[in-house]
Amino acid sequence: MGNKLHIQMFGPMGFSVSGVPIATKLSAKSLAIVGFLICSEQHRASRDKLASMFWSESYDTATYNLRYNLWNIRKTIPPDQNGAEFLLASKDACSINPDYQYTSDLRRLKRLLDVPAEQASREQLIEMKLILERELMEEFYIRDSNDFNDWLLFERTRYQRTCQQVLERLLDRYTAAGDLDGAHSTLEDLLRVSPYEEEYYYHIIQLCQDRGDRAAAIQYCRKCEEILQTDLNLPPSKRLRELHMSLAAQDQSKTSAVFQKKDLVLHIRVWEKAGEIPGSVLAEIISAVTSACERGVISKIPKVFLEDMATIQPALIPAYGLENTYSQVRQVRLLNSVSQFFNQLSHFYRTSIRLENMVQSDLFSFTAVQYLQHMCPGSVSLEWDGEPPEQRIV
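On a predicted model such as this, the values are computed, not experimentally measured, just so you know. Once a new chain begins, its residue numbering starts again from 1 and follows that chain's sequence as written. Side-chain atom pairs in this predicted model are given and counted only at pLDDT of 80 or more, local residue features only at pLDDT of at least 70, and totals for whole chains, interfaces and linings cover all residues. Water and hydrogen atoms were dropped before computing side-chain values, which therefore reflect all heavy atoms in the structure.

### Considering the overall build of the protein
Threshold: A run of H or I in DSSP becomes a helix once it reaches four residues, and a run of E becomes a strand once it reaches two; helices and strands are each numbered from the N terminus. For the radius of gyration, the atoms used are the C-alpha atoms, and the globule rule reads 2.2 Å times the number of residues raised to 0.38. Working rule for contacts: check all heavy atoms of both residues, and any pair within 4.5 Å makes them a contact. In short, Shrake-Rupley with a 1.4 Å probe defines the accessible areas, and a residue's cover is counted only from the protein chains shown.
When you go through the protein residue by residue, the secondary structure sums to 16 helices and 10 strands. By the compact-globule yardstick of 21 Å for 394 residues, the protein is too spread out, its C-alpha radius of gyration being 33 Å. If one aligns the C-alpha atoms of the protein with their principal axes, the spans along those axes are about 105 × 55 × 30 Å. Across the protein, the fraction of contacts at a sequence separation of at least 24, relative to all contacts at a separation of at least 6, is 66%. As displayed, the protein offers around 20900 Å² of accessible surface, 49% of which is attributable to carbon and sulfur atoms.

Now the structure itself:
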């Protein structure tokens, strides 16, 4: 039968001859040399290139070490069934013998990638995916060979992009065939490869909507928001934020149909010196309302509104796990977020707020109360006695 060599390049690097592992007979640098040659164009490299890549010692020491490792590779990997040697070495270069018969996951992958895109079957795309979902030479690292480690990182990145392209092709096939399960699984794979790509989140959210799973769609919205904020300190795009708000509003509307609203009645007495602190009364209103509501209800409100409100009432940050990185927002945005907050809250509570001693209110808070009365007539009932001196009609 002869010797049958198989080389595994994706996942833990492995060599076997007729099913018997032989990688333990090779040093890490011998394995690295073979890996580098397999990935290189024409499977060939100059001796000077290999010596300088793996050994930083003097030229004589580097060339001696290279000779020893090449000898060890030729000794360990036997000739194939036709008697061909695996490694060819000349005075200036070394290469893998093009006539040597062996199998490798990398060789198989390259053959599959050569198939024209329109001719590749779904089964071939799945085979490529199964190879590429593992890392090239997984966890392989040589401590004193920075050039090799940099090269390997570049190759891993290149094949990761290839994996992403293959998965996108597979997604198109599943989508065209109406295979929702296959499309969903492939989108999950794409998010593992590229976790910050919003387009994949948007696609999988739409898929959840098509399947009638609104709860899963909202969960993916939150996952996208959390990973972008935590890892990149960035908000999601406007399109994704609006989609999240729309889904949350639908979810709350559905919940409110079977949820019996509770009465939320608050009496707030304005502090005598509140007029000296812009926004102080509005901050007190926000604090009183959020403290009186059930935590689970507040958690259902889109985080973007809470984040904006936290700029004037920072007690919301620790209470609801918000990031302490928000700068001041424009007043019009703050007022819009407060009004949206009360509109969302109205699905669960009939809110009534009585403000006493409003004559001492700061002007911004008084304007905010008037704005809420105008914008949220069905969401919150607001009453007050008196007006700040500058607001009185003479």
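### Concerning a nonpolar patch on the surface
Put simply, the rule is: By definition, no residue in a patch forms a salt bridge, and every one has over 30% relative accessible area; like charges are joined within 9 Å, nonpolar side chains (Val, Leu, Ile, Met, Phe, Trp, Tyr) within 5 Å. Criterion for a salt bridge: a side-chain nitrogen of Lys or Arg within 4 Å of a carboxyl oxygen of Asp or Glu.
A cluster of nonpolar side chains, contributed by Y64, Y68 and W71, occupies part of the molecular surface with about 380 Å² of accessible area. For Y68, the location among the structural elements is in helix α3 (residues 59-76).

### Side note on the pattern of salt bridges
Applicable threshold: Remark: exposure states derive from per-residue accessible area (1.4 Å probe, protein chains only) relative to the maximum for the residue type, with buried under 20%, exposed over 50%, and partly exposed in between.
Here the structure, examined in full by the defined rule, presents 15 salt bridges. Linking R122 and D179 is a salt bridge whose minimum nitrogen-to-oxygen distance equals 3.8 Å. Remark: D179 occurs in the loop between α6 (146-177) and α7 (180-193) and R122 occurs in helix α5 (residues 122-132); sequence separation between them is 57 residues. With a relative accessible area of 28%, R122 lands in the partly exposed category. A salt bridge links D189 to K129; the shortest N-O distance between them is 3.2 Å. Of this pair, D189 sits in helix α7 while K129 sits in helix α5, and the two are 60 residues apart along the sequence. Given a relative accessible area of 11%, D189 falls into the buried group. Under the relative-accessibility criterion, K129 is labelled buried at 17%.

### A few points about the pairing of strand β1 (residues 5-8)
Put simply, the test is: Two strands are said to pair when DSSP picks up at least two bridges between them.
Side-chain alternation along β1 places L5 and I7 on a buried face and H6 and Q8 on a face that remains uncovered. With 4 bridges connecting them, β1 and strand β2 (residues 14-17) associate as antiparallel partners. Its bridge partner being in β2, I7 is matched across the sheet by F15. Between the antiparallel neighbours β1 and β2 lie 5 residues, among them G11 with a positive phi of about 85 degrees. Where β1 meets strand β7 (residues 102-104), 3 bridges bridge the pair, whose relative direction is parallel. If you follow I7 over to β7, its bridge partner there is S104.

### Observations concerning the nonpolar core
Threshold: Buried Ala, Val, Leu, Ile, Met, Phe, Trp, Tyr and Cys residues that are joined via side-chain atoms within 4.5 Å together make up what is termed a nonpolar core.
Membership of the largest hydrophobic core comes to 79 residues, with the highest contact counts inside it found for L5, M9, F15, F86 and F148. The dominant element in this core, judged by the number of residues it contributes, is α6, at 10 residues. If near-sequence neighbours (up to four positions away) are discounted, L5 is found in contact with F15, S16, V17, I22, I77, F86, Y100, Y102 and T103. Counting 44 residues, the second-largest nonpolar core is a separate cluster that includes L264, V304, Y320 and Y349.

### Observations concerning the side chain of T63
The test is simple: Under this definition, polar contacts are N or O atom pairs within 3.5 Å; protein pairs additionally need one hydrogen-donor-capable and one acceptor-capable atom, and for neighbouring residues in sequence, both atoms have to be side-chain atoms.
The topology assignment puts T63 in helix α3. A polar side-chain atom of T63 sits 2.9 Å from the main-chain carbonyl oxygen of D60.

### Focus on the packing of helix α4 (residues 105-113) against α5
For clarity, the threshold we go by: To get an axis, fit a line to the C-alpha atoms, keeping to the stretch in contact for a helix; angles then go from 0 to 180 degrees between the N-to-C directions. For any helix crossing, the convention is left-handed if the near helix is rotated counterclockwise from the far helix by under a right angle, and right-handed if that rotation is clockwise.
Packing of α4 against α5 leaves a shortest axis separation of 10 Å and a crossing angle of 140 degrees. The crossing of α4 and α5 is left-handed. On α5, the residues touching D105, R108, L109, L112 and L113 of α4 are Q124, E127, M128, I131 and L132.

### Description of the sheet that holds strand β9 (residues 349-356)
With respect to topology, 3 strands assemble into an open sheet ordered β8-β9-β10, the strand pairing being parallel. Each end of this open sheet is capped by a strand with a single partner; those strands are β8 (262-269) and β10 (380-384). Across the sheet, the mean angle separating the axes of adjacent strands is 10 degrees when strand polarity is ignored. Across the sheet, helix α11 (residues 280-292) lies against β8 and β9, angled at about 145 degrees from β8, the strand it touches most.

### Here's the deal with the packing of aromatic side chains
To keep things clear, this is the line we draw: Any two of the Phe, Tyr and Trp rings considered here, Trp counted by its six-membered ring, make a pair once their centres fall within 6.5 Å; the pair's planes then place it as stacked at under 30 degrees, edge-to-face at over 60, or tilted in between. Remark: a charge is flagged as sitting over a ring if the NZ atom of Lys or the CZ atom of Arg is within 6 Å of the ring centre and within 35 degrees of the ring normal.
For the structure shown, the criterion picks out 12 aromatic pairs. Note on F148 and W151: the rings are 5.5 Å apart at their centroids and 35 degrees apart in plane angle, and the pair reads as tilted. With a gap of 3 residues between them, F148 and W151 both fall in helix α6, about one helical turn apart. Residue F148 shares its accessibility class with W151, and that shared class is buried. By way of ring pairs, the aromatic residues F36, F54, W55, F140, F148 and W151 are connected into one cluster. The ring of Y202 carries R239 above its face, with NZ or CZ at 3.7 Å from the centroid.

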